[in-house]
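Per-entry structural report
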Amino acid sequence: MPELTSTQLKFAFANGLPLWQLGLIGLLLGAYLGYQIWYLRQKAATWVTLLVTGLRLVAFALIILFLTNPTVLLQTLQKIPIPLAVLIDTSESMRLPGTVAGTTRLQQAQDLLVKGRLLDTLGRDFDLRVYRFDEYTGAVTRDDVAGLTADGRATNVAQSLSDVQQEYRDTPLAGMLVLSDGIVTAGEMPTEEMRYASVPIVAIGVGDPERYRDIKIAAIEAPNFAFVHHPTEIEVTVKSWGYHGQVIPLVLKQEGRIISTSNLHLDGDRVTKRTTFSMTPKEVGRYRLSVETPVQVGEMLRTNNHQDFQLQVRRDKIRVLVVSGRPSWNYRFLRRALKSDPSVDLISFIILRTPTDVVNVPDDQLSLIPFPTNRLFTEELRNFDLLVFDNFSYLMYFPMLYLENIRKFVADGGAFAMFGGDQSFDLGGFAGTPIEDILPVTLERSRYGYVHAPVKMELTPEGLQHPITRLAPNAEETQRIWDEMPALRGFNRAQRPKPEAVTLGVTADGQLSQLPLMATMQYGEGRTLAFLSDQLWRWNFELVGAKGGNHHYLNMVHQMVRWLVKEPGLRPVQLFSDKDAYQLGETVALRIRVLDHDFSPAPGAVLNVKVSDPQGQSLQVNAVPTDEPGEFQATLTAEHLGAIRVEVAAHLGDKHLGEDVLIYEVIPSSAESMMGAPDHEMLRQLAAATDGRFFTAAEVGGDFATVLRDILQRDLQYKVVEERALHLRHTPSAFLILVALFGAEWVIRRRAGLA
Amino acid sequence: MITRRRFFGQLTWGLGSIGAWSLAHAGLRSEMGDGRQQEASSPFIFAQVHYRGGDWDPHPGGSVELLREVDRRTSIVVSFQRQTLRPDAPDLFSYPFLYLTGALDFAPFTEEEVGTLRRFLNFGGLMLVNDASGYRGSPFERRIREEIPRLFPGQTLERLPFDHAVFRSYYLVRTVGGRRLVSPTLEGVTIDDWTPLIYCQNDLGGAWERDHLGNWLQECLPGGETQRFQSFMLGVNVVMYALTENYKKDKIHIPFINRKLG
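Residues numbered from 1 in each chain as written. Chains lettered and ligands numbered in written order. Predicted model: local features only at pLDDT ≥ 70, side-chain atom pairs only at ≥ 80, totals over all residues. Heavy atoms only, no water.

Okay, the overall build of chain B next. Scanning chain B from N- to C-terminus turns up 9 helices and 7 strands. A buried classification covers 55% of the 262 residues belonging to chain B. In chain B, of all internal contacts separated by at least 6 residues, the share reaching a separation of at least 24 is 75%. (Helix = DSSP H or I, 4+ residues; strand = E, 2+ residues; numbered from the N terminus. Buried < 20%, exposed > 50% of the residue type's maximum accessible area, 1.4 Å probe, protein only. Contact = heavy atoms within 4.5 Å.)

Here it is as structure tokens:
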């Protein structure tokens, strides 16, 4: 604490008589003085009267004065230094080069404060309170300043200033001296936050914005999800410092593979450039993408030349192609159900006229259009997700060659469904064709063909669990719903389910029981369904008549479509993470739900979980069962930056149950690694907003303390440390003056013959 | 890569027409399935409402003639056995197409009948209402117009525009036929994009009907046989509309149909 003292003289009236008493005494003395004048004018010459009265007046005045106790105070004063907060930025960006080669920004600040003796100089005028700040704020001693390290993971300037100001809410604070590079990576912008600050902020900017050199992938604007086969635009913002005139390459990668490049011309020293990549996802899924630019010579920050992001690719709509052999109620109610699903884009072709139908009008009076079989089944088939043959026989319309195209379409991941009727399955001539390969049932020519008989469908145990036929959350309720379903009035008989098929429903009645009615199968990458009747509509309209609603039918059709096209929500293996992005070092919790082919939980499944980082290195992770049947969990640590891909494959015995992919992002634990350019402008605005001033570190000279005093030291405060009082009435001279006055009056009176 | 728009545009110029291809393969259908004759699995059944009072069946033979026409001209497989149903019949929902005709007043629908028919029409059924009187303002028409608000609260019969799917579901119909030309168009009640109730004032059933010897029972005025022909075209279209809904309003059909309509 500095000892700054001075002395001063003060005059005071200490503990005198009250004013009313002084007034009363003054009146009495005045009355006496009046009487004396009247008396002397009768007895003495005028000059004697004036002289004696004058002397008496002076004496009386002195008496009254002494009654007020006039005192001379001699005070010794000591200046009270007001606290000055010194805030030193210790965030990671302060590790970057300062203005002097070989030093960091923090060292630049430390040199100024310690070696430059700024702390000592300021300490003479101010009560220095020193703080380090980054993500948090903490007090340090002056001795600690030289040992501070720049390891804060963020810079929250506004919060730090606010915290310090709050600490001095009951104590005057001269101001705040902030030493920082001005980079804000957390919280509000301090210029806004401190606009109403009650103390001036003097900012010293370290680092040199003019000499900073960096290229930064500043922002990537990509949609959260894109649609397969639709171009998606990814806008990239690049900021550069110090590479005027250079052309830098920018690369867009998907899973480490370059999918697009772009060149950016940096036409200024500090420029912000934007470029747009366009990509067209080919498949549904989650993909790990990155935008990169090579590190340039002299770049001060290399960690911000690369940014990862992930893109989820979905279908815009499920594209369904229905080919119907003739107008029918089955088509009609199927169409209504598909049209009621906003995620379905339905294209349908119905055979409205056969060669045996006689046309009785010119062609221009018919609304018929050509059936573009060649284009549909050779070129455009792969643009659809699901192909449905609804009581349709190909025999009259296209060659068997196209059926092979359909088989390949399914093998490559497409979906196919066949509904029964007198033109379907074996009756449609599909036995022995590639279509038989992909169907869940064998096609045997039999003498039964299509059976016209009422029959109810009974769910198999697999059907009770399967997403298509599970129409309620639990098996009991599902069973009850199916028990109430109306009977079908006919079905295609004598088809047997294939061994690899999953039969969901069989005939329930009499001698014709246990014949397959609904079955599914995985073929290659695709899925197929066989419904061996064209009476599905009865589960819609007849149920409306019986129960008043058709939502079970609609649910079944919607779920059927989704299951066939492998909508993610119906995948047998589903992988989840507790977050989309993790900080480096955080624990990643994975959860895996596994269902058997019949969609019952598969607690005995064996999982293969592989985690791979952007560099292509991968490791196996052990997943352990949870208490929930068919659910597994795995934990790992986020050790590598970027988009991390997790793949899980599940097997049960020799049965492959399915797989899923998940991508999560690992971001730096510190936002500081992305920002390096000193932002002195922010400090300048901050100082201006609080009536303070901004200095660069270079501008801080030997007279800085004086300058700072001028800025901050407006009303210094002192305290009296010593005081001496001289009461004038207690001095002998006061008594002697009164005696002299009265004595002089007595002499004059004697001379005038009045005594 | 071909765009979807381009693809559908080109479809109209597709390589083969059904007619061209199928003519080359005529007769295969009868031989499929090892040469067996397979009975059609789900024939279209013409169901007629047997209401109380009035005359529910003024043209008993009309439906069969229409069904013959449907069978002869289109791929729809029909059952020639007409089904008659009370409006509250338990199996009403097994027949999504209903035909209601008459010339006289009939007993208002009971509340139960209204509830059943309302459900029938709102969940996908179609009812063709035919005024067999042959003149405007008939007792049947008055009854129908009184019953419509009960079946469709807040809605009335509206004229169906000629771009409605019922006019282009098979034939491109430009004129509404019938035994008498009482109204130049159809009326109907439309919910969203579906018209579950279609009302014709021109007595289509009268134009369809023949006697046992094959003679037309009723004369079509004023258009004669052309008008009768148009009655069948419209009848076929209504059946086709019931089974295909707005199929002919799908994007793929529009340019093709517009070109034919000039």
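So, on to the environment of Asp211(B). Residues and elements named next belong to chain B. Position of aspartate 211 relative to the elements: it lies in the loop between helix H7 (204–208) and helix H8 (224–244). Overall, the relative accessible area of 27% leaves aspartate 211 in the partly exposed class. Each C-alpha atom of the pair aspartate 211 and proline 60 lies 10.0 Å from the other, and the pair is 151 residues apart in sequence. Polar side-chain contacts of aspartate 211 include one of 2.9 Å to the backbone nitrogen of glycine 214. (Polar contact = N/O pair within 3.5 Å; in protein donor to acceptor, adjacent residues only side chain to side chain.)

Further remarks concern the sheet that holds strand E8 (residues 214–221) of chain A. Residues and elements named next belong to chain A. The strand order across the open sheet formed by 3 strands is E8-E10-E13, and the pairing between neighbours is antiparallel. Either end of the sheet is taken by a strand with one partner, and the two such strands are E8 and strand E13 (270–279). Ignoring which end each strand starts from, the neighbouring axes of this sheet average 25° apart. Note: strand E10 (residues 232–241) against E13, 10 bridges, orientation antiparallel. The partner of valine 238 across the bridge, within E13, is lysine 273. (Pairing = 2+ DSSP bridges. Axes fitted to C-alpha atoms, helices over the stretch in contact; angles between N-to-C directions.)

Counting across every chain of the model gives 49 salt bridges over all chains. With its nearest N and O atoms 2.4 Å apart, the salt bridge here joins Glu745(A) to Arg56(A). Residue Glu745(A) is found in helix H17 (residues 732–751), and its partner Arg56(A) is found in helix H2 (residues 46–67); the two are separated by 689 residues along the sequence. A relative accessible area of 10% places Arg56(A) in the buried class. The partner of Arg684(A) in a salt bridge is Glu681(A), with the nearest N and O atoms 3.4 Å apart. Of this pair, Arg684(A) and Glu681(A) both sit in helix H15 (residues 680–689), 3 residues apart, which is roughly one turn of the helix. Glu681(A) gets classed as partly exposed once you look at its relative accessible area, which sits at 42%. One continuous salt-bridge network, built from bridges that share partners, spans Arg332(A), Arg335(A), Arg336(A), Lys339(A), Glu245(B) and Asp250(B). (Salt bridge = Lys/Arg side-chain N within 4 Å of Asp/Glu carboxyl O.)

Contact pair helix H7 (residues 329–339) of chain A / H8(B): the axes reach a minimum separation of 7 Å and the direction vectors enclose 55°. Put simply, H7(A) runs oblique to H8(B). Seen from H7(A), the contacting residues are Trp329(A), Tyr331(A), Arg332(A) and Arg335(A); seen from H8(B), they are Ala242(B), Leu243(B) and Thr244(B). The class makeup of the residues in the contact of H7(A) with H8(B) is 4 nonpolar, 1 polar and 2 charged. (Parallel < 35°, antiparallel > 145°, perpendicular 65-115°, else oblique. Nonpolar A, V, L, I, M, F, W, Y, C, P; charged D, E, K, R; others polar.)

Right, let's get into helix H4 (residues 62–73) of chain B. Three- or four-residue spacings in an α-helix give side chains the same orientation, since the helix completes a turn every 3.6 residues. All names here are of chain B. The first and last C-alpha atoms of H4 sit 17 Å apart over 12 residues, in line with the 16 Å expected at 1.5 Å per residue. Taken residue by residue, H4 has Gly62, Ser63, Glu65, Leu66, Leu67, Glu69, Val70 and Arg73 as its buried positions. Here the buried face of H4 lies against strand E1 (44–49), strand E2 (78–85), H7 and H8. (Expected span 1.5 Å × (residues − 1).)

What follows covers the pairing of strand E32 (residues 618–621) of chain A. Residues and elements named next belong to chain A. Looking at chain direction, strand E31 (residues 606–612) and E32 are connected through 4 bridges and run antiparallel. Each bridged residue has a counterpart across the sheet, and for serine 612 the counterpart in E32 is serine 618. The hairpin formed by E31 and E32 contains 5 residues between the paired strands, and glycine 616 there has a positive phi angle of roughly 90°.

This part is about the sheet that holds strand E4 (residues 127–133) of chain A. Residue and element names in this part refer to chain A. Read across the open sheet, the 6 strands follow the order E5-E4-E3-E6-E7-E37; overall the sheet is mixed. One side of each edge strand has no neighbouring strand; the edge strands of this open sheet are strand E5 (137–140) and strand E37 (694–696). Averaged over all adjacent pairs, the angle separating strand axes in this sheet is 25°, with direction ignored. Bridging between strand E6 (residues 175–180) and strand E7 (residues 201–205) involves 5 bridges; their strand directions are parallel. The residue of E7 that forms the bridge with serine 180 is glycine 205. Its contacts with the sheet put H15 on E6, E7 and E37, and the angle it makes with E7 is roughly 165°.

Evaluation of the coordinates by the stated rule reveals 44 aromatic pairs over all chains. Plain terms: the ring middles of Trp329(A) and Trp537(A) are 6.4 Å apart, the flat faces sit at 50° to each other, and that makes the pair tilted. A residue pair is termed long-range when its members are at least 10 positions apart, and Trp329(A) in helix H7 and Trp537(A) in the loop between strand E27 (526–531) and helix H13 (538–547) qualify at 208 residues. Using a relative accessible area of 8% as the deciding quantity, one classes Trp329(A) as buried. Ring plane angle 65° and centroid distance 5.0 Å describe the contact between Phe389(A) and Phe392(A), whose orientation is recorded as edge-to-face. A residue is classified by how much of its surface remains accessible, and Phe389(A), at 0% relative accessible area, is buried. The exposure class of Phe392(A) is buried, given its relative accessible area of 1%. Among the aromatic residues, those joined into a cluster by ring pairs are Trp329(A), Phe333(A), Trp537(A), Phe541(A), Phe44(B), Phe46(B), Phe93(B), Phe97(B), Tyr99(B), Phe120(B) and Trp208(B). Across the ring face of Phe384(A), the terminal group of Arg319(A) is positioned such that the distance to the ring centre comes to 5.0 Å. The positively charged end of Arg332(A) is found above the aromatic ring belonging to Trp194(B), 4.1 Å away from the centroid. (Phe/Tyr/Trp six-rings, centres within 6.5 Å; stacked < 30°, edge-to-face > 60°. Lys NZ or Arg CZ within 6 Å of the ring centre and 35° of its normal.)

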